[in-house]
Amino acid sequence: MKTLKGTPISSGIAIGSVFVKKIDTKAIEFTKADNTIEEKQRFHNSRNLAIEQVEGIYKEMLQTKGKEEAAIFEAHIEMLNDVEFISSVESTIETSACNAEWAIKTVRDSFVELFEALDDEYMRERAMDIKDISNRILKILSGNDSKDSFRFKQPVIVVADDLAPSDTAQMDPEFVLGIINETGGPTSHAAIIARMLGIPFVVCPDITSRVQMGQMLAFDGETGNIELEVTEQVHKEYEARQDAFRFKKGQLEQLRGTKAITVDGYEVALAGNIGAPQDADKVLQQDGSSIGLFRTEFLYMNRDTAPDEEEQFKAYKEVALKMEGNPVIIRTLDIGGDKEVNYLEIKKEDNPFLGYRAIRLCLDRISFWKVQLRALLRASKFGNIHIMYPMIVSMEELYQAKRILEEVKTELRNEGIEFKEAIPVGMMMETPAAALMADVFAQEVDFFSIGTNDLIQYTMAVDRMNGKVAHLYSQYDPAVLRFVKKIVESAHQNGIPAGICGEAAADEKLLPVWVGLGVDELSMSPVSILNTRGRIQGLIKSDCEELVTKILALKTSAEVEEYLKRV
Ligand code: PEP
Ligand code: MG
């Protein structure tokens, strides 16, 4: 088949040559080595790099968690230097005349089997350590660990099996014409970043086995169509689509300087979501009024250690200054789920989205989190920074987070460091527990921001990354919309604003619903701001309110979507 149908994720047209990236390190194969000395050298080079990485983590852990927690990395360093491990890999390369990867995998598996069979818990735990250090070396050897593996000098279409958000974050839109990934959905963080960068993105299972490095490819991020054979005619057709896409963008330019006000005078603030200080420029370029969500976890990715207080302070200050007194909502660290940070050494979990994520991690690693809070408070002097907590599920968590913030304020006061005393503090509304308790939470915070990406996932009990159950993940589901209504009403009853910062904020079909519900702010990928503004200018608030009444009486997400299509 020459045309494949993928799932559209980020709009735009891409025509170009393919760069295939397989991330999976499990599929290691035996290859005959012509030069075993070279293979041994590859092993040692990557082992040395692994030692460097673990030493970095060890130092970081010592600072943030203490001696006991750091001890495991001391043990890893010892293992990486272990004579028996080293000589076993070397002799396997020698006797089997194989590649370094195969030898490491073989030695890893035999050591693990040996340790796991022992009747001693301590030794059985060492099996985990062996796995850990071997996999670290294998990752380095595969190149997947490189901080620069997605920085290109030639324009390419990236075709990958499993992109991480940190991979997409490295990409320069000048050289990455488009992305086709085998996994993930529209609200995976790899997708969110691509949208922010304006890179066309389609998800298509099995794509890596259907294309070859260097092959020409064309795809449409709006329809999801992928052309495996780029004939002259296909080339022309996609160029024409590209022109049409650019023309539409050009038309939107005329909305610059106008406001998102409905025909009957209801104004919605249109803000931008960002992942780095320089993204604030994109928000300004697209005429966004403020920053509705700064995902600070991206400051922590693609590096070996966490950013220190000074580095974070500079980043937050930069955004605050750029936005010149307009609100900048900075969300505290939301690591976990699909956002991994290796040096934090978070154990693999079966259900990472239900596990050690976001505020849970911060409330557990308090001294580590305080570094971020100090930086945020210090930067608050330079603009209109708002602090926002992610994934809150209970009042206990909110109280604890607020208490820690107060402690940090006291520390700064004692040190004579200035900050804005009345810095607004808000929370993400992204769990059913928070939504149900919205009336109670609203008395304790200065604002709500609805994270629909997670609110849908947790309400519908559907992993936002799992394509198999994607049909259940719907922003049109009446359950989700009822939660949004409850959250907005609770906010307004308590005199605080409620915004939406999940991907559904820019969903064209839902805009009349958001207006009808009285949402105060919509925060989105900067590229969507002008289009959303244009749509809102064509709406009438009173009609939208009637529409909400009708929509909320419907029973299924399909009915809601169908109804909204006809509006
Ligand atoms: C959300 O959940 O909607 C949200 C904005 O946060 P994130 O996508 O980073 O989880
Ligand atoms: Mg979220």
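Computed from a prediction, not measured in an experiment: that's the story for all the values here. (Residues numbered from 1 in each chain as written. Chains lettered and ligands numbered in written order. Predicted model: local features only at pLDDT ≥ 70, side-chain atom pairs only at ≥ 80, totals over all residues. Heavy atoms only, no water.)

Let's talk about the side chain of Ser88
Then step 1. Among the secondary structure elements, Ser88 is positioned in helix H3 (residues 83-96).
Then step 2. Taking the relative accessible area as the measure of exposure, Ser88 reaches 17% and is therefore buried.
Then step 3. With sequence-adjacent residues up to four places away left out, Ser88 is seen in contact with Val107 and Phe111. (Helix = DSSP H or I, 4+ residues; strand = E, 2+ residues; numbered from the N terminus. Buried < 20%, exposed > 50% of the residue type's maximum accessible area, 1.4 Å probe, protein only. Contact = heavy atoms within 4.5 Å.)

Focus: the domain arrangement of the chain
How large an interface is tends to be reported as the accessible area lost when its parts come together.
Then step 1. In terms of domain boundaries, the chain breaks down into domain 1 (3-23 + 148-235), domain 2 (36-142) and domain 3 (269-565).
Then step 2. The gap between the C-alpha centroids of domain 1 and domain 3 is 27 Å.
Then step 3. On the side of domain 3, 19 residues touch domain 1, which itself brings 16 residues to the contact.
Then step 4. Around 1,500 Å² of area is buried between domain 1 and domain 3 when both sides are counted, 60% of it from carbon and sulfur atoms.
Then step 5. Broken down residue by residue, the surface that domain 1 buries against domain 3 is led by Thr187, His189 and Met196, which jointly contribute 44%.
Then step 6. Our count for the contact surface shared by domain 1 and domain 3 stands at one salt bridge.
Then step 7. Arg195 is the partner of Glu503 in a salt bridge, and the nearest nitrogen-oxygen pair spans 2.0 Å.
Then step 8. At the boundary of domain 1 and domain 3, one finds eight residue pairs in polar contact (both at pLDDT 80 or more).
Then step 9. Elements represented by at least two residues in the side of domain 1 that touches domain 3 include exactly helix H6 (165-169) and helix H7 (189-197). (Domains from an automatic or database assignment. Buried area = accessible area lost by both parts, 1.4 Å probe. Salt bridge = Lys/Arg side-chain N within 4 Å of Asp/Glu carboxyl O. Polar contact = N/O pair within 3.5 Å; in protein donor to acceptor, adjacent residues only side chain to side chain.)

Remarks on the sheet that holds strand E7 (residues 216-220)
Then step 1. As summarised here, the arrangement of the eight strands in space is E1-E8-E7-E3-E4-E5-E6-E2, forming an open sheet in which the pairing is mixed. This sheet does not close on itself; its edge strands, each paired only once, are strand E1 (3-5) and strand E2 (7-10). Strand-to-strand twist of the sheet, defined as the mean angle between neighbouring strand axes without regard to direction, takes the value 30°.
Then step 2. One ladder, built from three bridges, connects E2 with strand E6 (residues 201-203); its direction is antiparallel. Note that in E6 the partner of Thr7 across the bridge is Val203.
Then step 3. Across the sheet, helix H9 (residues 232-252) touches strand E3 (13-21), E7 and strand E8 (225-227), and the angle it forms with E3 is around 115°. (Pairing = 2+ DSSP bridges. Axes fitted to C-alpha atoms, helices over the stretch in contact; angles between N-to-C directions.)

With respect to the sheet that holds strand E9 (residues 269-274)
The strands making up a sheet are joined through hydrogen bonds of the backbone, oriented either antiparallel or parallel.
Then step 1. Ordered by their spatial adjacency, eight strands build a closed barrel running E9-E10-E11-E12-E13-E14-E15-E16, and the pairing between neighbours is parallel. Going from strand to strand, the sheet's axes swing by 30° on average, the running direction of each strand aside.
Then step 2. Both strand E15 (residues 498-500) and strand E16 (residues 521-524) contribute to a ladder of two bridges, which runs parallel. By the bridge assignment for E16, Gly499 is matched with Glu521.
Then step 3. Taken strand by strand, helix H18 (residues 478-493) contacts strand E13 (425-429), strand E14 (447-450) and E15, and its axis lies near 165° from that of E14.

Regarding the packing of aromatic side chains
Aromatic rings considered in pairs are described by the distance between their centres and by the relative angle of their planes.
Then step 1. In total, this model carries nine aromatic pairs according to the counting rule given.
Then step 2. For the pair Phe43 and Phe85, a centre-to-centre distance of 6.2 Å together with 65° between the ring planes defines the contact as edge-to-face. Taken together, the positions of Phe43 in helix H1 (residues 36-64) and Phe85 in helix H3 put the pair 42 residues apart, joining distant regions of the chain. Grouping residues by exposure puts Phe43 and Phe85 together as buried.
Then step 3. The ring of Phe313 carries the charged tip of Arg378 above its face, separated from the ring centre by 4.1 Å.
Then step 4. The ring of Tyr266 carries Lys541 above its face, with NZ or CZ at 4.6 Å from the centroid. (Phe/Tyr/Trp six-rings, centres within 6.5 Å; stacked < 30°, edge-to-face > 60°. Lys NZ or Arg CZ within 6 Å of the ring centre and 35° of its normal.)

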